[in-house]
Amino acid sequence: MSVITRDVVVVGAGPSGLTAAAELRKAGLSVAVLEARDRVGGRTWTGDIDGAMIEIGGQWLSPHHTAALELVAELGLETFSRYRDGRSVYLAADGVRHEFTGDVFPAPEATAKEIDRLLALLDELAAEVGAEEPWTHPNAEELDAIPFSIWLERQSDDEYARETVSFYVSGAMLTKPAHTFSTLQALQMAAAQSSFTALATDTFMLDKRVIGGMQQVSQRLAAGLGDDLHLNSPVRRIEWSDAGVTVFADGELRVRAERVVLAVPPNLYSTISFDPPMPRRRHQMYQHMSFGFVVKVHAVYSTPFWRAKGLSGTGFSDTDFVSEIYDNTNHGMDNGALVGFIAGAQADAVFEMSPEDRRRAILACLVKYLGPEAANPEVYYESDWGAEEWTRGAYGVSFDLGGLTRYGRDHREPLGPIHFACSDLAGHGFQHVDGAVRMGKRAAAAIVSQRTLV
Ligand code: FDA
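An account of the accompanying structure is given in this report.

Reading the values: the criteria
Residues numbered from 1 in each chain as written. Predicted model: local features only at pLDDT ≥ 70, side-chain atom pairs only at ≥ 80, totals over all residues. Heavy atoms only, no water. Buried < 20%, exposed > 50% of the residue type's maximum accessible area, 1.4 Å probe, protein only. Helix = DSSP H or I, 4+ residues; strand = E, 2+ residues; numbered from the N terminus. Pairing = 2+ DSSP bridges. Arc of directions from axis to C-beta. Contact = heavy atoms within 4.5 Å. Phe/Tyr/Trp six-rings, centres within 6.5 Å; stacked < 30°, edge-to-face > 60°. Lys NZ or Arg CZ within 6 Å of the ring centre and 35° of its normal. Axes fitted to C-alpha atoms, helices over the stretch in contact; angles between N-to-C directions. Parallel < 35°, antiparallel > 145°, perpendicular 65-115°, else oblique. Left-handed = near helix turned anticlockwise from the far one by under 90°.

**Details of the pairing of strand β15 (residues 259-262)**
Turning to step 1, where the next piece is worked out: Across the two faces of β15 the burial is the same, with Arg259 and Val261 and Val260 and Leu262 all buried.
Turning to step 2, where the next piece is worked out: As paired elements, strand β2 (residues 8-11) and β15 share 4 bridges and run parallel to each other. Counterpart to Val8 in the pairing with β15 is Arg259.
Turning to step 3, where the next piece is worked out: Two strands pair when backbone bridges link them, and β15 and strand β24 (residues 418-420) are joined in this way by 3 bridges, in the parallel orientation. Following the sheet pairing, Val261 is matched in β24 by His419.

Put into structure tokens, the structure is as follows:
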């Protein structure tokens, strides 16, 4: 049995927990970090798959992600822009393949106008609702009681316009079907990324990548921790009282501290046993926060063959199950990499297939977008975060219908000596690395200020 005493113990070595640890150490506190996996980074994971560097998890930064961008620069890391020259591809529901430029999918003029009208309305509402406390909006209860799909049906009878606008937040962000989350949740997600139009603008949301990979953010934050970083140490139990906490991890590791920062996604709180148990409202609240699901597919080729055809590698489809693709070639490489996404119910469906059939079907979809050369990648990989014990979905956790107004005001609040940090609790940068950094800083600042007051 190894017993350690520190000022603060952080559970989870993703970007949020490691930001909190770094901030606490800057303030002169001693910190131990306990991580379940054999690596840091959480949902950011830069892997080597058959010799190719693959961003298995989070990778892109938008200009709105100022906290993450500042941290990247502070850590001495550099960013590069995603390749986006040339025409994008849109696979329409009628089976027709369109090539287009600009951010809006090709559509009949009336539908294009309707999409613009809906985006303008959603931008206005998202600005009113805001990212931080959407439950305070005067119509919050009403907006939180309406599934986003139904709200769209009430706004427009143009099905194509509805599907397009729905996709920006449903398939591309929350990765849940649009009937499972509220309009308030959709608006909060939009406000958290600056506007609804931002969600519809891939050149904004998917702007920059970190040279060498996003996981380096966590690796560099962890570098100073030395023996205070405990990998392969899943936390199983937390005893807590006003006097502090004792945290029990595998490997007979026990850490006593004044405070704990729980920096794991909220769907995993219930995997830890709390003594005394969390209060009733917490037990209830966390059952209404659930992961979406998306499969991230990687295909690496000897050349970026699409560029020679004047294509950017960007593509979208309403009906084919690979609903988005992008050029994901690493910085300075002359090979070509594509990344594609299969979200929500379609992600469930592809995992009903055998691995061979799934690969064949996914590559057939890439062929539709970019041509026959897409059929035979040198490296092929599917990021399946749903199968990861210490995550259980992708990209992030959001409230089910009605949850934001019922529980939102309490979901970031500390519970005695227990503080919470995770991108899925963030306002600004919600579900993104930026939100993880902000929440890590917030938890550290709260602990430092409480100690100053004592
Ligand atoms: P995160 O989940 O990263 O870290 C939590 C840590 O806690 C993990 O290391 C986990 O192992 C650990 N843990 C869990 N239970 C534990 C226990 N009981 N004991 C000890 N440790 C425990 N974001 C973005 O900004 N741009 C992007 O392009 C993308 N794209 C993207 C793609 C995919 C496929 C995914 C899955 C996610 C993204 N994201 C993203 C989201 C981004 O990766 C995510 O928001 C951050 O990694 C969240 O960081 P946190 O530290 O909050 O949680």
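**Quick notes on helix α5 (residues 148-155)**
Turning to step 1, where the next piece is worked out: Turning to α5, its buried residues number three or more, namely Phe148, Trp151 and Leu152. End-on, the buried residues of α5 take up no more than an arc of 100°, which puts them together on one face.
Turning to step 2, where the next piece is worked out: Looking at the buried residues of α5, the elements they touch are α3 (109-129), α4 (140-145), α6 (159-174), α7 (183-192) and α8 (196-199).

**What to know about the packing of aromatic side chains**
Turning to step 1, where the next piece is worked out: One pass over the structure, following the stated rule, counts 18 aromatic pairs.
Turning to step 2, where the next piece is worked out: With a centroid separation of 6.0 Å and 10° between ring planes, the pair formed by Phe148 and Trp151 is classed as stacked. Of this pair, Phe148 and Trp151 both sit in helix α5, 3 residues apart, which is roughly one turn of that helix. Of the two residues, Phe148 and Trp151, both sit in the buried class.
Turning to step 3, where the next piece is worked out: Pairwise contacts between aromatic rings join Trp60, Phe316, Tyr326, Phe341 and Tyr395 into one cluster.
Turning to step 4, where the next piece is worked out: Its end group placed over the ring of Trp45, Arg39 keeps NZ or CZ at 4.2 Å from the ring centre.
Turning to step 5, where the next piece is worked out: Against the face of Tyr83 rests Arg307, its NZ or CZ located 3.8 Å from the ring centre.

**Examining the packing of α3 against α6**
Helix packing for two helices is described by the angle between their axes and how far apart those axes are.
Turning to step 1, where the next piece is worked out: Put simply, α3 and α6 touch, their axes get as near as 9 Å, and they point 45° apart. Judged by the angle between their axes, α3 and α6 are oblique. Note on packing geometry: the crossing formed by α3 with α6 is right-handed. Contact residues: Thr111, Glu114, Ile115, Leu118, Leu119 and Leu122 in α3; Tyr160, Ala161, Thr164, Val165 and Tyr168 in α6.

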